Amino acid sequence: MVGILEVQGYNLKQLLFVLVTNMNGISRLDLKQLRILEALLQERNLSRVAEKVGLTQQAISEQLRKLREVFDDRLFIRQGNGMVPTPVAEQLGGRISSILKDVESLLTPIAFDPATYRGIFSISATDYAIQSVLPQLLEVVRKSAPELKVIVRDFETDNLNQLMVAGEIDLALTFPDFIPDDLPYKLLFEEQHVCIAGKKSPLKSKSLTLADVAELPQLIISPSRANLKGSHDEWFAMQGLKRNIVMSIPSFSAAPDIIAATDTIAFYPSRLLPNKKVIPLKLDTQTPKFEVIAAWHSRSNHSQLHMWMVEQLMKLFK
């Protein structure tokens, strides 16, 4: 039990430590009892305390009995129709009020101000998003939240959910097909691929059908899977065509150099153009559009920082 000598002379933090570390006492002490103790110190009358906290007088007497056991002190002595606090109760008074105020403050949301916020935010982004989304976002971050530090890491489809649960990734900039179905996300914009070739390619003046394109040697950008399968394979198959894929690389940034140095063509995101090393080819049809999104874990739904970052993205790409 917390004895008289343990209480005297302790400040609020020390009192909390004594209560928390004293297992015999803390196991029988709850916030309701602290509120009753505070009310008794203010009203010094059982019936008025009972009315104030919405309990019967008998219930207040029972809680006072438990408090006496916890603090190993009578706490209050009857005098006429009132209650006189003991020295221990008086010493506890201000400290109990401070504890209750601290607990109540836990329920008050902390105001988020990007201008003064200090912390670290981790973003997982595809190679495409690093080029097309991050420059604009990080410009806003540096201006509006100068104390916020940002870590950008490679996108990992297979481990994304686990990394988000562990708090190692706060936000993912990617495509819907690359995230688990249960992750919340916001659509930033729709994108479309453009068929490109090297600047000196003999194809630059020709108008091509999809069948023509299917036969040409093609490079695909596959950041998440090292194979010869591209995102437009199904689209070609729906036209009864099979693509002639001869090369696969993991990076959008390297594609223009390789295409310029070889006889390959590629389907390349329009927001990464123009590029001085490649030219768009003329096709008789347009490629299907795809979505670019910002995704996060539901554990962060009420994080003001997360929602602020998403809001900035939505403003940039609305």
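Residues numbered from 1 in each chain as written. Predicted model: local features only at pLDDT ≥ 70, side-chain atom pairs only at ≥ 80, totals over all residues. Heavy atoms only, no water.

In this section: the overall build of the chain. Looking only at helices and strands, the chain features 14 helices and 13 strands. Summarising its shape, the C-alpha atoms of the chain cover approximately 105 × 40 × 30 Å along the three principal directions. Within the span of the chain, comprising 318 residues, buried residues form 42% of the whole. Counting contacts in the chain only where the partners sit at least 6 residues apart, residues at least 24 apart contribute 73% of the total. With an accessible surface of roughly 17600 Å², the chain has 52% of that area assigned to carbon and sulfur atoms. Separation between the mean location of the 36 positive side-chain charges and that of the 35 negative ones in the chain comes to 4 Å. (Helix = DSSP H or I, 4+ residues; strand = E, 2+ residues; numbered from the N terminus. Buried < 20%, exposed > 50% of the residue type's maximum accessible area, 1.4 Å probe, protein only. Contact = heavy atoms within 4.5 Å. Areas by Shrake-Rupley, 256 points an atom, 1.4 Å probe, with all protein chains shown as cover. Lys, Arg positive; Asp, Glu negative; His and termini not counted. Charge placed at Lys NZ, Arg CZ, Asp CG, Glu CD.)

This next bit is on the layout of surface pockets. Counted as a void, the largest pocket has a volume near 800 Å³. Together, 27 residues line the largest pocket, and Phe178, His193, Gly230, Ser231 and His232 are the ones closest to its centre. If you list the elements that add at least two residues to the lining of the largest pocket, you get strand E8 (218–221), helix H12 (233–238) and strand E13 (289–295). Of the residues that constitute the lining of the largest pocket, the class distribution is 13 nonpolar, seven polar and seven charged. Size it by volume and the second largest pocket reaches roughly 170 Å³. In terms of lining, the second largest pocket is formed by 16 residues, of which the most central are Gly198, Ser201, Pro202, Thr262 and Asp263. (1 Å grid on protein atoms, 1.4 Å probe; cavity = no way out; pocket = protein on both sides within 12 Å on 5 of 7 lines; lining within 4 Å. Points joined across faces, edges and corners; volume = space filled by probe spheres on them. Nonpolar A, V, L, I, M, F, W, Y, C, P; charged D, E, K, R; others polar.)

With that settled, consider the nonpolar core. As a rule of thumb, nonpolar side chains are buried together in soluble globular proteins. Core analysis: the largest hydrophobic core is formed by 37 residues, its most contacted members being Ile123, Val133, Leu171, Leu173, Leu188, Met309 and Leu313. The greatest single-element share of this core, amounting to six residues, is contributed by helix H14 (residues 304–317). If we ignore the near neighbours within four places in the chain, the residues touching Leu188 are Val133, Leu173, Val292, Ile293, Ala294, Leu313, Met314 and Phe317. Formed by 24 residues, the second largest nonpolar core is a distinct cluster that contains Leu34, Ile60, Ala89 and Leu92. (Core = buried A, V, L, I, M, F, W, Y, C linked by side-chain atoms within 4.5 Å.)

Now for the environment of Glu191. Mapped onto the secondary structure, Glu191 falls in strand E6 (residues 185–198). On a C-alpha basis, the gap between Glu191 and Met247 in space is 23 Å, while along the polypeptide they are 56 residues apart. Among residues more than four places away in sequence, those in contact with Glu191 are Tyr128, Pro269, Ser270, Arg271, Lys289, Phe290 and Val292. From its side chain, Glu191 meets the backbone nitrogen of Arg271 in a polar contact 3.0 Å long. (Polar contact = N/O pair within 3.5 Å; in protein donor to acceptor, adjacent residues only side chain to side chain.)

Before going further, it helps to examine H14. For H14, which comprises 14 residues, the first-to-last C-alpha distance of 20 Å matches the rise-based estimate of 20 Å (1.5 Å per residue) to within 8%. Within H14, burial applies to Leu305, His306, Trp308, Met309, Val310, Gln312, Leu313 and Phe317. (Expected span 1.5 Å × (residues − 1).)

With that out of the way, let us pick up helix H6 (residues 57–71). If you check H6, its first and last C-alpha atoms are 21 Å apart, about what 15 residues at 1.5 Å a residue would give, namely 21 Å. Listing the buried residues of H6 in full gives Ile60, Gln63, Leu64, Leu67, Val70 and Phe71. The buried residues of H6 occupy an angular sector of 115° when projected down its axis, which confines them to one face. Just past H6, the residue Asp72 takes up positive phi, approximately 50°. (Arc of directions from axis to C-beta.)

What the rule picks out here adds up to 13 aromatic pairs. When the ring of Tyr128 is compared with that of Phe290, the centres are 6.3 Å apart and the planes differ by 70°; the resulting orientation is edge-to-face. In this pair, Tyr128 sits in helix H8 (residues 127–132) while Phe290 sits in strand E13, placing the two residues 162 residues apart along the sequence. The residues Tyr128 and Phe290 share a single accessibility class, namely buried. (Phe/Tyr/Trp six-rings, centres within 6.5 Å; stacked < 30°, edge-to-face > 60°.)

Glancing now at the pattern of salt bridges. Two side chains that carry opposite charge are able to pair once their charged atoms sit near each other. The tally for this structure, following the rule as stated, stands at eleven salt bridges. With its nearest N and O atoms 2.8 Å apart, the salt bridge here joins Glu69 to Arg65. Here Arg65 and Glu69 lie together in helix H6, a separation of four residues that amounts to about one turn. In this structure Glu69 comes out as partly exposed when scored by relative accessible area, which is 32%. Relative accessible area serves as the criterion here: at 37%, Arg65 is assigned to the partly exposed category. (Salt bridge = Lys/Arg side-chain N within 4 Å of Asp/Glu carboxyl O.)

The N-to-C vectors of helix H4 (residues 31–43) and helix H7 (residues 87–105) enclose an angle of 130°; their axes lie 9 Å apart at closest approach. Looking at the two axes, H4 sits oblique to H7. You can see that H4 and H7 cross each other, and the crossing is left-handed. Along the contact surface, H4 presents Leu31, Leu34, Arg35, Leu37, Glu38 and Leu41, while H7 presents Ala89, Glu90, Leu92, Gly93, Ile96, Ser97, Ile99, Leu100, Val103 and Glu104. (Axes fitted to C-alpha atoms, helices over the stretch in contact; angles between N-to-C directions. Parallel < 35°, antiparallel > 145°, perpendicular 65-115°, else oblique. Left-handed = near helix turned anticlockwise from the far one by under 90°.)

Function cannot be inferred from these measures alone, as they are strictly geometric.
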